[in-house]
Amino acid sequence: MDQRKSFQRPVLSRVNPFRVMTVMHRAADLEKQGRKIVHMEVGEPDFSTAQPIVDAAKRALDEGFTQYTAAPGISELREKLAQHYSKRHRLDLDPQRILITPGASGGLTLLANMLVDQGDGILLSDPAYPCVRNFIYLLGAQPQLIPVGLEQNFQPTVEMLDHYRSDATRGVWLASPGNPTGTILERKQLQEISAWARQHACHLLVDEIYHGLHYVEDMPSILEIDQSAFVVNSFSKYFGMTGWRLGWIVVPEDYIGTANILAQNLYISASSIAQRAALAAFSEEAEGIFESRRAAFRQRRDYLAAALKDLGFVISDNIQGAFYIYANISKFSTDAEEFCRLVLEDYGVAITPGTDFGEYRSNEFVRLAFTTSMEDLELGVERLAEAVSALV
Ligand SMILES: Cc1ncc(COP(=O)(O)O)c(C=O)c1O
């Protein structure tokens, strides 16, 4: 008889599957049965990758650019990104500080392994992108969740950092614009948080993956304020390259060496073809495409925010970026998962329960992604109107 116990680490019981996956699978089943489903659950742009990028990838393949690259990425792309920071944020960044990663996910894995030790406490907002919490658990560290609500526009204040820190706290990890809330940390908030992190000997990491998809004038990078901060970003969202698995991180100068060693060990390099392709993301033609897509997202945001308010959902008046609305459903239900099940099964609208993103009042919230056409959004709103009128 096999006397061995399971080899799976107990900590894995804390790493939850995404409920959005269940929604997506069920939506696909219903579509197979011939139902028309409105997809407002998907966390990626509905536009396919811009043609200049696709063409550049084809050229890379034809030229046989198919081997590993240097671990921190090809120098041309790191230089393009440095120019991007100069143009968008008036920053003069040494390209050596920029490492190309397999998506923001690869960047977060690298930074977690570099910065988080067993027993450390890391301050995060609740709700937040769920993988971050799981990376921290997997390293034997403790996510210290800060419950944020509409009152704080879903971003923590320094008073809250003070309240939720402990002697074990070593870092603060935030996202601006955030998933699932679409709210940002404004310049003053970034300044305060940066000063707080310095004062409390904590590192500061800001996930800026939704930069570019913002609808405000001033969308500061933390690097404009604090050159000792760590940044995660990606080609997935604004650049529309989710499936290419390409992102980047920016690290302070003294961390370049260690970050390179970790990159070599964790993934050798990001995809060579994707890196070559991404060079074309900085052409005028590609930028024009991204900006017109941003305008489309803004139009959808304006429409959906107004429609949801009319229906009685409570939402932020200040959705400043990304493509999500985090809506309070208290008027209709006390169980977000049941609400999402009902609107999918009975009304054919796929949305994500707040329970995917944290614990704080998560049963009162759902995330609606405006990653679908205006036509489908209008149909979705029509169907949601029917659903909620049956519930009140
Ligand atoms: C806030 C945030 N960070 C990181 C990621 C990971 O993105 P990727 O690995 O595709 O770059 C996502 C994906 O949805 C996200 O929402």
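Please read all numbers here as calculations on a predicted model, not as lab measurements. (Residues numbered from 1 in each chain as written. Predicted model: local features only at pLDDT ≥ 70, side-chain atom pairs only at ≥ 80, totals over all residues.)

**A look at the sheet that holds strand S9 (residues 324-328)**
Now for step 1: Spatial strand order, S9-S12-S11: three strands in an open sheet with antiparallel pairing. In this open sheet, the two strands that pair with only one neighbour each are S9 and strand S11 (352-353).
Now for step 2: Across five bridges, S9 lies against strand S12 (residues 365-369) in antiparallel orientation. Residue pairing for S12: Tyr 326 is matched across the bridge by Arg 367. (Pairing = 2+ DSSP bridges. Helix = DSSP H or I, 4+ residues; strand = E, 2+ residues; numbered from the N terminus.)

**Looking at the site of the ligand**
Now for step 1: The full set close to the ligand counts 13 residues, and Gly 103, Ala 104, Ser 105, Ser 234 and Ser 236 are the nearest of them.
Now for step 2: Residues belonging to the shell around the ligand are distributed by class as follows: four nonpolar, eight polar and one charged. (Near = placed C-beta within 6 Å. Nonpolar A, V, L, I, M, F, W, Y, C, P; charged D, E, K, R; others polar.)

**A short note on the packing of helix H4 (residues 103-115) against helix H8 (residues 256-267)**
Helix-helix packing: each pair is described by the crossing angle between the helix axes and the interaxial distance.
Now for step 1: For the pair H4 and H8, the least separation of the axes is 10 Å and the interaxial angle reads 120°. It follows that H4 is oblique to H8 by the angle criterion. For the element pair H4 and H8, the recorded crossing hand is right-handed. In contact with Gly 106, Thr 109, Leu 110, Asn 113 and Met 114 of H4, H8 contributes Thr 258, Ala 259, Leu 262, Ala 263, Leu 266 and Tyr 267.
Now for step 2: Tallied by class, the residues present in the contact of H4 with H8 amount to seven nonpolar, four polar and no charged. (Axes fitted to C-alpha atoms, helices over the stretch in contact; angles between N-to-C directions. Parallel < 35°, antiparallel > 145°, perpendicular 65-115°, else oblique. Left-handed = near helix turned anticlockwise from the far one by under 90°. Contact = placed C-beta atoms within 7 Å.)

**Focus on the sheet that holds strand S5 (residues 169-175)**
One key point about sheets: their strands pair by backbone hydrogen bonds, in either a parallel or an antiparallel sense.
Now for step 1: Across the sheet, which stays open at both edges, the seven strands sit in the order S2-S8-S7-S6-S5-S3-S4 with mixed pairing between neighbours. One side of each edge strand has no neighbouring strand; the edge strands of this open sheet are strand S2 (98-101) and strand S4 (142-147). Pairs of neighbouring strands in the sheet enclose a mean axial angle of 25°, with direction left out of account.
Now for step 2: Pairing geometry for strand S3 (residues 121-126) and S5, over four bridges, is parallel. Note on S5: the bridge partner recorded for Gly 121 is Thr 169.
Now for step 3: Helix H3 (residues 75-89) rests against S2 and strand S8 (247-250) of the sheet, and its axis sits at about 120° to S2.

**Some words on the domain arrangement of the chain**
Now for step 1: When the domains of the chain are assigned, the result is domain 1 (13-48 + 286-389) and domain 2 (51-281).
Now for step 2: On a C-alpha basis, the centres of domain 1 and domain 2 stand 25 Å from each other.
Now for step 3: Tallying the contact residues gives 34 residues for domain 1 and 37 residues for domain 2.
Now for step 4: Residue assignment for the side of domain 1 that touches domain 2 shows that the elements contributing at least two residues are helix H10 (284-311) and S9.
Now for step 5: The greatest single-element share of the side of domain 1 that touches domain 2, amounting to seven residues, is contributed by H10.
Now for step 6: Classifying every residue of the side of domain 1 that touches domain 2 gives 16 nonpolar, eight polar and ten charged. (Domains from an automatic or database assignment.)

**What about the pairing of strand S6 (residues 203-207)?**
Now for step 1: The buried fraction of S6 is high, at five of five residues.
Now for step 2: Here S5 pairs with S6 via five bridges, running parallel. Each bridged residue has a counterpart across the sheet, and for Ala 175 the counterpart in S6 is Asp 207.
Now for step 3: A crossover links S5 with its parallel partner S6, the connecting element being helix H7 (residues 187-199), and its sense is right-handed.
Now for step 4: Looking at chain direction, S6 and strand S7 (residues 230-234) are connected through three bridges and run parallel. When the bridges of S7 are listed, Leu 205 appears paired with Phe 230. (Buried ≥ 20, exposed ≤ 12 C-beta atoms within 10 Å, placed from the backbone. Right-handed = clockwise from strand over helix to strand, strands pointing away.)

**Here's the deal with the packing of H10 against helix H12 (residues 374-389)**
Now for step 1: With their axes 11 Å apart at the nearest point, H10 and H12 run at an angle of 10° to one another. In terms of orientation, H10 lies roughly parallel with respect to H12. Every residue of H12 that contacts H10 at Arg 300, Tyr 303, Leu 304, Ala 307 and Leu 311 is listed here: Met 374, Leu 377, Val 381, Leu 384, Ala 385 and Val 388.
Now for step 2: Taken together, the residues that form the contact of H10 with H12 break down as ten nonpolar, no polar and one charged.

**A word on the nonpolar core**
Now for step 1: Ranked by size, the top nonpolar core spans 117 residues in total, and within it Ile 53, Ile 249, Ile 325, Ala 327 and Leu 368 carry the most contacts.
Now for step 2: Two domains each provide a minimum of three residues to this core, namely domain 1 (13-48 + 286-389) and domain 2 (51-281).
Now for step 3: The contact partners of Ile 53, leaving out residues within four places of it in the chain, are Met 241, Ala 277, Ala 278, Ala 280, Ala 281 and Ala 286. (Core = buried A, V, L, I, M, F, W, Y, C linked by C-beta atoms within 7 Å.)

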